[in-house]
Amino acid sequence: MGFSTDFFWGGATAANQYEGGVFEGGAGLSTADVMTNGAHKVPRQVTYTLPDGSWGKIPLCFHSPERHLPEGAVAALVDDKDIYYPSHIASDFYHHYKEDIRLCAEEGFKCLRISIKWSRIFPNGDDTEPNEEGLAFYEDVFKTCRSYDIEPLVTLEHYENPLSLANRFNGWDSRYLVDCFVRYATTCFERFNGLVRYYLTFNEINCIEYAPFVTAGLIHADEQNIANATFHQFLASAKTVIAAHNFWPDLSVVLAFGPVYGFSCDPADQLAALKAQDRALFYSDVQMRGYYPNYKLAEYERKGIKIPALPGDWDILAEGICDFLSFSLYGSQVLTTNAEELEVGSGNGGAEGMVANPYLKTNAWGWATDPDCQRITLNTLFNRYQCPLWCVESGIGWKDELVGDTVHDDYRIDYMRANIQSMKDAVEQDGIPLMGYLYWGCVDMVSNGEGEMAKRYGQIYVDADNYGQGTMKRLVKDSYRWYQKVIASNGEDLD
């Protein structure tokens, strides 16, 4: 069978890592704008100010044990020469979008995933009127995509929320944000009607447990706060799906997923792997089935966690299920319950409780290339939900070396080849309905976990360092030319 003739080949980006132009066009600050840079094994931090005028910073980002800003603190920018905020410049898509979209078109893209910065449309998140400059900017971005027959896939909330809502309401802990988000989304549906067909509500919604500030703007995040924020995002997504169908676009949410393997055939390892997988699939269970699964309800009951549902909310969740399921996938993880085998930080991405897979090769950041993870994931998700699937994010970060005017990134080609072949096997041999494949970070941009440019994902090189210094010149890498050939052959030529 092969990939369908309307298969969405392309790439994916996120405004907080790519767009820049933070203080231009009437935009307000987002939660991402107060996150500092970091590095491999050096966590990014959130800066804050206190009522007495003093300031500090705290690692509220991924896999951090910190969950709260100090009492009375607000997340804020601070004026210190040693503090750098990567989102402020990023890859400067704000000024280079026409060039970048042209390069993507020349590569053969059928689709480009772009996120909208909510605070560029509503600077405080709940303003009376939207910011016309922000709407005009994105409208021209989408018109430029359309001029090259590129389908925009638009993420409405990708790891950044209006900073004002985080500080005033503890982010998504408050139900107030539900209607704010639906109003923002509906504003986009109305303005971009005819330009955008596919939207994603929340990026990697299940990462709220690992990064509650990043995903939900929580400046205070105990388990009950996280449960509240999770429910409110579910409700906002469902209401947004219902509203969207008045304009006829299709919507989904992004699930961060990867197979979890038990390290051994010890039943304890296998049970632990199953429960780890359920921890992620709880989010898609709600989004694709419209109700909380029993295993999550039982967990909440054991912990004394209450779901902040009001009359009618469950009917909204049931009605507002997604039209398809999109997911991000970078690789797999291995889990063990054997204390002698357990080495915290040796697993994929340094996740606690995971160990390295001895059968796979890893990059400098500990991420493994799994040649079968796409096929396993596609079968897992389709067998569970029987719906169209779309891989909207998949990539590998590397410390690229510029040689002349290009980068010889065979390692990236090898990674992409393995992923595409795995997807092809799932489509051809297992009959999985796959809508598309979007390579993550098609243009170099700031890495989310580290907040640095050194960990590059792109097929298009951007001349910028970890502090936004450089010409911002764009150069194509070897992987660009390889992917160009793959797209032209609709995935048949992977040599």
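Summarised in this report is the structure supplied together with it. Because the structure is predicted, anything quoted here is derived from the model rather than measured.

Turning next to the overall build of the protein chain. Counting its regular elements, the protein chain contains 14 helices and 21 strands. Here the protein chain has a C-alpha radius of gyration of 21 Å; the compact-globule value for 495 residues is 23 Å, and the two agree. Considering only C-alpha atoms, the protein chain reaches an extent of 60 × 55 × 50 Å along its principal axes. The buried share among the 495 residues of the protein chain stands at 62%. In the protein chain, the proportion of contacts linking residues at least 24 apart, taken out of those at least 6 apart, comes to 75%. Total accessible area on the protein chain stands at roughly 18,900 Å², and carbon and sulfur atoms take up 51% of it.

What follows covers the sheet that holds strand β19 (residues 434-440). Across the sheet, which stays open at both edges, the nine strands sit in the order β8-β7-β6-β5-β1-β19-β16-β11-β9 with parallel pairing between neighbours. Among the strands making up the open sheet, the edge pair consists of β8 (250-252) and β9 (254-256). This sheet shows a mean twist of 25° between the axes of neighbouring strands, independent of strand direction. Across three bridges, the pairing between strand β16 (residues 389-394) and β19 is parallel. Bridging across to β19, Leu-389 finds its partner in Leu-434.

Attention shifts here to the nonpolar core. Counting 125 residues, the largest nonpolar core has Trp-172, Phe-192, Trp-390, Ile-420, Tyr-437 and Tyr-483 as the members making the most contacts within it. Broken down by element, the residue count for this core peaks at ten residues, all from helix α8 (residues 223-244). Excluding residues within four positions of it along the chain, Tyr-483 makes contact with Trp-9, Gly-10, Glu-107, Phe-109, Met-416, Ile-420, Tyr-437, Tyr-439 and Gln-459.

In this model, the second largest pocket occupies a volume close to 210 Å³. Every residue along the wall of the second largest pocket is listed here: Lys-361, Thr-362, Asn-363, Trp-367, Thr-369, Pro-371, Ile-396, Trp-398, Tyr-411, Asp-414, Tyr-415 and Ala-418. Mapped onto the lining of the second largest pocket, the elements with two or more residues apiece are β14 (361-362) and α13 (410-430). Of the residues that constitute the lining of the second largest pocket, the class distribution is seven nonpolar, three polar and two charged.

A few words now on the pattern of salt bridges. Applying the stated rule across the entire model yields 34 salt bridges. Asp-414 is paired through a salt bridge with Arg-417; the nearest N and O atoms lie 3.0 Å apart. Residue Asp-414 and its partner Arg-417 are both found in helix α13; the two are separated by three residues, about one turn of the helix. Since its relative accessible area comes to 44%, Asp-414 is described here as partly exposed. Relative accessible area serves as the criterion here: at 26%, Arg-417 is assigned to the partly exposed category. We note a salt bridge from Asp-478 to Arg-481, for which the minimum N-O separation is 3.7 Å. On the criterion of helical spacing, the pair formed by Asp-478 and Arg-481 is a turn pair, its members being three residues apart in helix α14 (residues 478-488). Within the structure, one salt-bridge network assembled from shared partners comprises Asp-400, Asp-409, Arg-412, Asp-444, Arg-456 and Lys-477.

Here we take up the side chain of Asn-16. Its place among the elements puts Asn-16 in helix α1 (residues 15-18). Taking relative accessible area as the criterion, Asn-16 reaches 7% and is therefore assigned buried. At 3.0 Å, the side chain of Asn-16 forms a polar contact with the backbone oxygen of His-158. Residue contacts for Asn-16: discarding those within four places in its chain leaves Ala-32, Ser-87, His-158, Tyr-159, Glu-160 and Asn-448.

A one-sided burial pattern is seen for strand β3 (residues 55-58), the buried positions being Gly-56 and Ile-58 and the unburied ones Trp-55 and Lys-57. As judged from the four bridges shared by strand β2 (residues 46-49) and β3, these two strands associate in the antiparallel manner. Along β3, the bridge assignment pairs Thr-49 with Trp-55. Hairpin geometry of β2 and β3 is characterised by an intervening segment of five residues between the two adjacent antiparallel strands and by a positive phi of about 95° at Gly-53.

Our focus in this paragraph is helix α4 (residues 132-147). If you check α4, its first and last C-alpha atoms are 22 Å apart, about what 16 residues at 1.5 Å a residue would give, namely 22 Å. All buried positions along α4 are accounted for by Gly-134, Leu-135, Phe-137, Tyr-138, Glu-139, Val-141, Phe-142, Thr-144 and Cys-145. Asp-149, located one to two residues past α4, shows a positive phi value of around 60°.

What counts and how
- Residues numbered from 1 in each chain as written.
- Predicted model: local features only at pLDDT ≥ 70, side-chain atom pairs only at ≥ 80, totals over all residues.
- Heavy atoms only, no water.
- Helix = DSSP H or I, 4+ residues; strand = E, 2+ residues; numbered from the N terminus.
- Rg over C-alpha atoms; globule rule 2.2 N^0.38 Å.
- Buried < 20%, exposed > 50% of the residue type's maximum accessible area, 1.4 Å probe, protein only.
- Contact = heavy atoms within 4.5 Å.
- Areas by Shrake-Rupley, 256 points an atom, 1.4 Å probe, with all protein chains shown as cover.
- Pairing = 2+ DSSP bridges.
- Axes fitted to C-alpha atoms, helices over the stretch in contact; angles between N-to-C directions.
- Core = buried A, V, L, I, M, F, W, Y, C linked by side-chain atoms within 4.5 Å.
- 1 Å grid on protein atoms, 1.4 Å probe; cavity = no way out; pocket = protein on both sides within 12 Å on 5 of 7 lines; lining within 4 Å.
- Points joined across faces, edges and corners; volume = space filled by probe spheres on them.
- Nonpolar A, V, L, I, M, F, W, Y, C, P; charged D, E, K, R; others polar.
- Salt bridge = Lys/Arg side-chain N within 4 Å of Asp/Glu carboxyl O.
- Polar contact = N/O pair within 3.5 Å; in protein donor to acceptor, adjacent residues only side chain to side chain.
- Expected span 1.5 Å × (residues − 1).

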